[in-house]
Structure formats: structure tokens, C-alpha cells
Amino acid sequence: MPDRYALGGACRVLAGMPAPLGATALDVGVNFAVYSSGASAAVLCLFTPDDLKAERLTEEVPLDPLFNRTGNVWHVFIEGDLHNMLYGYRFDGMFAPHSGHRFDASNIMVDPYAKAVISRGEYGVPGPGGNCWPQMAGMIPLPYSTFDWQGDVSLQYPQKDLVIYEMHLRGFTKHGSSNVEHPGTYLGAISKLDYLKELGVNCVELMPCHEFNELEYFSCSSRMNFWGYSTINYFSPMTRYSSGGTRDCGRDAINEFKTFVREAHKRGIEVIMDVVFNHTAEGNENGPTLSFRGIDNSTYYMLAPKGEFYNYSGCGNTFNCNHPVVREFIVDCLRYWVTEMHVDGFRFDLASIMTRGCSLWDPVNMYGSPVEGDMITTGTPLATPPLVDMISNDPILGGVKLIAEAWDAGGLYQVGHFPHWNIWSEWNGKYRDIVRQFIKGTDGFAGGFAECLCGSPHLYQAGGRKPWHSINFVCAHDGFTLADLVTYNKKYNLSNGEDNRDGENHNLSWNCGEEGEFASLSVRRLRKRQMRNFFVCLMVSQGVPMFYMGDEYGHTKGGNNNTYCHDHYVNYFRWDKKEESSGLQRFCSLMIQFRKQLECLGLEEFPTAERLHWHGHQPGKPDWSETSRFVAFSMKDGTKDEIYVAFNASHLPVVVGLPERPGYRWEPLVDTAKSAPYDFLTDDLPDRAFTVQQFSHFLNANLYPMLGYSSIILVLQPDV
């Protein structure tokens, strides 16, 4: 093909190829390809970094629909050196919102496949003139990578062996007490990875690190989008989480994220990404047009017959996940993060949206067949959703951890029955609710609590899944922290600017008798006991334990259960407070180590009566009545013979009878009623023998005294 266009005299413009989508660098130039089924015209827009800052276009390359279009893909090849250039697209076509089309040639769109997105360089700082939404553009990649993985390979831990730590990348080191060189960045987090290794976690679940705009609310309020659940681009790491910002057209951000993954793997820590394929930052019809909306609105979003946006996400729009083009885009994105960025898995926010039927804008449904009989209406839950099927059976994604948040804001709740292909695990929201109820002493939950300890077989066993398909948690990023769960009966969200209307109203929390942090000594002691009780429960339950950053030292958010909009201390890991609360952190770390040491606490299969026995106040006599607040069990183990675990959720103390084991004795290990360090009796505790001796008259009689609201663990030892 002859030259179509002379770019600055130094480049030639050729037809290009329709695949792969995105910008692909070759030795002699760059191929650009982008999908848009409804556009009548397309223009490739090129920027230098300086021109982008000035919101000034450097070059435009009109695409000829005869030479630069194949099917619904627009493409062009630029032969020459485009190093340190950025790009976007203009699309022209119908602007007919009632028909689902929102083309506007005056807007420059970010390519959905861009590998880095460049706009503002510094976190929280608006662009020129206070603009919170300056023009964005994609990085044009190089034909080579300079990053040294140093032999990094996937750790491939069996999921049953994971201990997951949910963390916010910026919040982890942004507080001044972190004393790191680059606080709030990928490099800053790397500086603290040794702490996580010492704590005992072997997997971090990163809250969103895709490109988002933390200032999206800032023009109309002082609130920030701190959490990041409002994605602009799914291939780009958040550039303002890097120490270099937009330096080197975003390549520094890519390399810093890679460095974080590499260094985590060196310390035996897997990296799971929280991904938000349920909606984008473009919001509803009043939101900005940044990328998907201006490229092909009716493909990328679930639309009603008159063009309105369905809102199953609660955030203004719903990604059209099961559309053939969109599901291929999502799989491409996941593959990229696995192959190029070496991540180990994904947690899918509001994953139930991925099971809903797509918009039927064509006479063909999402399976590629004519619709016969009953129409599959937009948003209908599908038994075998094509996207989940594709992800589950993709050869490149085989072995990757896949975790579903199995509900959405449209009322679809699928905990226990998310379409899973025996691969997907779930955030077990029912575990959270039942455990909270039982530990705070609510009647009627003893049986449900026992199910939770077993890995929730009532949810997963009948479907052929295993205990490790249950991600067990008591607290997560949204909702109360562990400390606030035992400190507040009510939420205190006024600082969010929504008159306390936002956030969950039914928290199943208990303040232990007095509301707020400033409480009597007896209430504060009870709160410490309850936090330990929750953590014991997490670590002795079958399934995969997960806890939130800071819960190991008792981080408080002052009763705010929806801190999505605060970029300050309430969301920052307080390294100074960690030192002050070393007793709880020690306990949590030791409980994690204990779990890892025991084969019986991370079973591949659900426990049976061959190794698990239930007890009440007397051995072998469990109480499953509505008024029972006591659950105990003994479990045979391959390394420690047997353990005995009991939870007393009553306000009354009790002396429990221990199972008879001739030739053996029960030795106390954990008692949450004791003050640190006696809450966990390690072998190196100086006066350990004296502490155990204090209970000898009980133990000699095969008894153990428990205070109200406490839990214990005893280990069977030979009686020598």
C-alpha cells in the first residue's frame, strides 16, 4: 500500500493490521487497532508529553474506512520512531442516546487496550486551572522490555494454604510513621514486605490498582476516591501509585508494579488483584466520556431499550460483560496481568454482574445464536454465563486464583451458588455474618457457627466444591474494622458528606457495653478479648482466612464503615499504633503460624467424624439448641496428634470437661481471656511452666475454666 499520510516527515502511515487490539510495537513501527462497531470515522491522535499537559494535539492521522478498517476494527501502522509519544482516538458517528450511541468527534478517547494512561502526574493534585479531568492519553509501547524479572516464577501455592491480607497500596505506607522513602507508592510498599512475611501472610489482595481518578468527586466536594473502585483503564497500573508518576510515559509505573510483584514473590507472598469489571468511571449519562462510552457505548454497557444505563453496580453504569467483544476484552486483560505483570490471581468486585445477560442490541444473543422462545432480557442471571465460562476454561488462566464477590447492587446474591466450574472461590459473606452473630453472643447461631468452622459445607459441598472455595473473613475494606466491630453499635459516617446515609446500617456489631473508644477498663479488656476471639475463629476454620490491613493491631476508623472518600490517617496503616498494640499483633502472628503448622486446619476435603468430634460443656455432648452459646471441637492432626478448641460466647464463665485421652494430657496453648503474652503460650515464654502449673489442678481433672466471651486452644501431649 502507498503512503497514506506523512507524519511530521519522519514516519510513514500504512494500513496496519486488525489484530492484536491496542498499540503493538514492532522493530520498524507501531500497529494501532481499536474496536468500534458504530463509528463512521476514526482519527488516531498523537501527543508529546508536553503537548498533552497543554491539552494541545501534536498530530492527527485520519483513518480511511477502505484501507484502515477490517470488520469493526479500525487499524493503522505508523512506520518510524514514536518513542515517548502518547495516543488516543476521535470517533465520529451518531449521537443518539435513545439508540445507545454517544459518538462525539470533539472528544479524544483513551484506548481500552492502552498499557499505561497518562494525565496528572501527582496524586491528589489537579491539573492546570484546577482541572480534575485533564485530557488523558495512552502510552505507546516499546518493542522491547528492560525490566529484569530475575527469574521470577509463580509461587502456585495450593489455595487451601493461603492466608490472605487485604491491603490498600497507598494506605499501607502513606502515614508518616511508615518512615519509607517513597510513602504511598509501589516502592514504599516494597519496603514493608518483610513485615508481612514476619506476620505470616503468604498472599496480599490489593485493592484496585488499575488506573482511576482519585479526584473524580473533587470538583463538587472535598471528597477523594481513595479506594479506587472506579476504573478508567483495565490494562494500566495506577500511575500515581508510582514514585515516578507519569515519568517515561508511564513505563516507570509499570516497572514499579512489576518490582512489587517480584519482591513479594521473593518473600513467598502471592499477589491477587481486586478487579472491577462491573462498571467504569464514566458513570451514567451525566458522567464524563473518557473511553468506552465514546468508542462503542452500546457494546460496552448494559443499556435499556431507550438507551438508559442499567445500574446493577450502584455506580451509574453496568459493564456489558457477556457481550462477545467485552468478554474477549476482559479475558485479554486478565491474561496480560498474568503473563506480563506476573500476578497470581484476581478478586472480582460485584462478580454477580458477570453472570447477567448482556444487552440484546443485535438479533443474536450472547451465545451467537438466534434468540428462540423466551427472550433473555438484559441483566437476567445466566446459569452458564459465557464470560465466566471463558475465564474458567482459558488455557493461560489455568491455575490462577479466581475469587468472586458473589453479589451485586441489583439484589443478586450468589454466595454458595456462583457459577464456578469447580475453580472459583467466593468471599463468604454468610461466614462473616454468622461468625459476628455467634461471637457477640446472639442466640440461635451455634449450629451455623459450627458449619463455618468446617468450611461451610452447607454452601459448597453439594456443588462439588471444597473447603478452600470459601474465603473466610470477618472484616474487609468496606464495613467496620475489627476494632470498630467491638467498639460501635452504630456507624458514624458524617465526614463522608452524605448525612450518614451511606454505608451499611446492619453491621452485626457490639460495643461490649459502652459506645465509642473512651470506655471503662473492663469494657476495653472485653473488646481485646473479642478481637482475639474473632481471629482465633478465622485461623481454626476450614477454608481460606482473609483479614484486612491493620486489623492485626486494632486499627480504628472511628466508627466510619464506608471510608471510600478519605485520603488521610483513617485509611492509612498506622505504623506507630502497630508498635503500641504489639500484644494483639503478636497474638495474630502466632495464630497464623499455628494454623500453618497444623495439617488439620487446611484440609483439602470437608472434615468428617473420623477426625472431628463436637463437644459441649462435657465432652461428646454438643449443644445445638437455640440458646446455646458454646461450641467446642477436637480435631486429630498429623503433626500435633490432636487439638481441642472451644468458644464460650456467653457472658457467664464455665468449667469445661475435656475429652479423655489415656496416656496423654491436654496442655493449654491459647486463652483469649489472658493478657498478653499469656494469651498465647509460646515455648520461649520465660514463665511458661509456672503459668501452666497454675491450671494443673483443673488439667489433672481433665477440666479447664473459661471466662465469658473467650476462646481456648489446647494441644494433646504425651503424659510423661
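Look above for the structure.
A quick note: this is a predicted structure, and the numbers were derived from the prediction, not measured. (Residues numbered from 1 in each chain as written. Predicted model: local features only at pLDDT ≥ 70, side-chain atom pairs only at ≥ 80, totals over all residues. Heavy atoms only, no water.)

J.: Help me out: how do you make sense of the overall build of the protein chain in this one?
T.: The secondary structure content of the protein chain amounts to 17 helices and 30 strands. The C-alpha atoms of the protein chain give 28 Å as radius of gyration, which agrees with the globular expectation for 720 residues (27 Å, within 12%). Across its three principal axes, the protein chain shows a C-alpha extent of roughly 95 × 60 × 50 Å. In the protein chain, which comprises 720 residues, the share counted as buried stands at 60%. Put simply, 72% of the contacts in the protein chain that link residues at least 6 apart link residues at least 24 apart. Here the protein chain displays about 26,600 Å² of accessible surface, and carbon together with sulfur accounts for 52% of that area. (Helix = DSSP H or I, 4+ residues; strand = E, 2+ residues; numbered from the N terminus. Rg over C-alpha atoms; globule rule 2.2 N^0.38 Å. Buried < 20%, exposed > 50% of the residue type's maximum accessible area, 1.4 Å probe, protein only. Contact = heavy atoms within 4.5 Å. Areas by Shrake-Rupley, 256 points an atom, 1.4 Å probe, with all protein chains shown as cover.)

J.: Teacher, can you tell me more about the nonpolar core here?
T.: Proteins that are soluble and globular tend to have nonpolar side chains buried together. Phe32, Tyr165, Phe346, Phe348 and Met591 are the most contacted members of the largest nonpolar core, which has 203 residues in total. For this core, the element with the most residues is helix H13 (residues 521–540), which contributes 10 residues. Contact partners of Met591, with chain neighbours within four places excluded, come to Phe535, Val536, Met539, Val540, Val670, Phe680 and Ile713. With 18 residues, the next largest nonpolar core counts Ala632, Tyr644, Ala646 and Val692 among its residues. (Core = buried A, V, L, I, M, F, W, Y, C linked by side-chain atoms within 4.5 Å.)

J.: I keep staring at the packing of helix H7 (residues 324–339) against helix H8 (residues 386–393) and nothing clicks. Help me out?
T.: Each pair of packed helices can be summarised by the angle the axes make with each other and by the distance between the axes. H8 packs onto H7 with a crossing angle of 30 degrees between their chain directions and a minimal axis gap of 10 Å. By the angle between their axes, H7 is roughly parallel relative to H8. Judged by the sense of rotation from one axis to the other, the crossing of H7 with H8 is right-handed. Note on element contacts: H8 touches H7 through Pro386, Leu387, Met390 and Ile391, opposite Arg327, Glu328, Ile330, Val331 and Leu334. Split by residue class, the contact of H7 with H8 holds seven nonpolar, no polar and two charged. (Axes fitted to C-alpha atoms, helices over the stretch in contact; angles between N-to-C directions. Parallel < 35°, antiparallel > 145°, perpendicular 65-115°, else oblique. Left-handed = near helix turned anticlockwise from the far one by under 90°. Nonpolar A, V, L, I, M, F, W, Y, C, P; charged D, E, K, R; others polar.)

J.: Before we go on, may I ask you to explain helix H10 (residues 446–453) in this structure?
T.: Owing to its 3.6 residues per turn, the α-helix brings residues three or four apart onto one side. Inspection of H10 places Ala446, Phe449, Ala450, Cys452 and Leu453 among the buried residues, and these make up the whole buried set. The buried side chains of H10 occupy one side of the element, clustering within an arc of 155 degrees when seen end-on. Gly455 occupies a position one or two residues after H10 and carries a positive phi of about 95 degrees. (Arc of directions from axis to C-beta.)

J.: Hey, could you run me through the sheet that holds strand E22 (residues 470–472) in this one?
T.: Through backbone hydrogen bonds, the strands of a sheet pair up, either in parallel or in antiparallel fashion. Pairing is parallel around the closed barrel formed by eight strands, whose spatial order is E14-E15-E18-E19-E20-E21-E22-E23. When the angles between neighbouring strand axes are averaged without regard to direction, this sheet yields 30 degrees. Pairing of strand E20 (residues 401–404) with strand E21 (residues 425–427), which is carried by two bridges, proceeds in the parallel orientation. Within E21, the residue paired with Ile403 across the bridge is Ser425. (Pairing = 2+ DSSP bridges.)

J.: I keep staring at the packing of aromatic side chains and nothing clicks. Help me out?
T.: The description of two aromatic rings rests on the distance between their centres and on the angle between their planes. One pass over the structure, following the stated rule, counts 56 aromatic pairs. Taken together, a centroid distance of 5.0 Å and an interplanar angle of 65 degrees make the contact between Phe292 and Tyr300 edge-to-face. Positioned above the aromatic ring of Tyr217, the side-chain terminus of Arg223 is 5.0 Å from the ring centre. A cation sits over an aromatic face here: Arg356 above Tyr312, 3.8 Å from the ring centre. (Phe/Tyr/Trp six-rings, centres within 6.5 Å; stacked < 30°, edge-to-face > 60°. Lys NZ or Arg CZ within 6 Å of the ring centre and 35° of its normal.)

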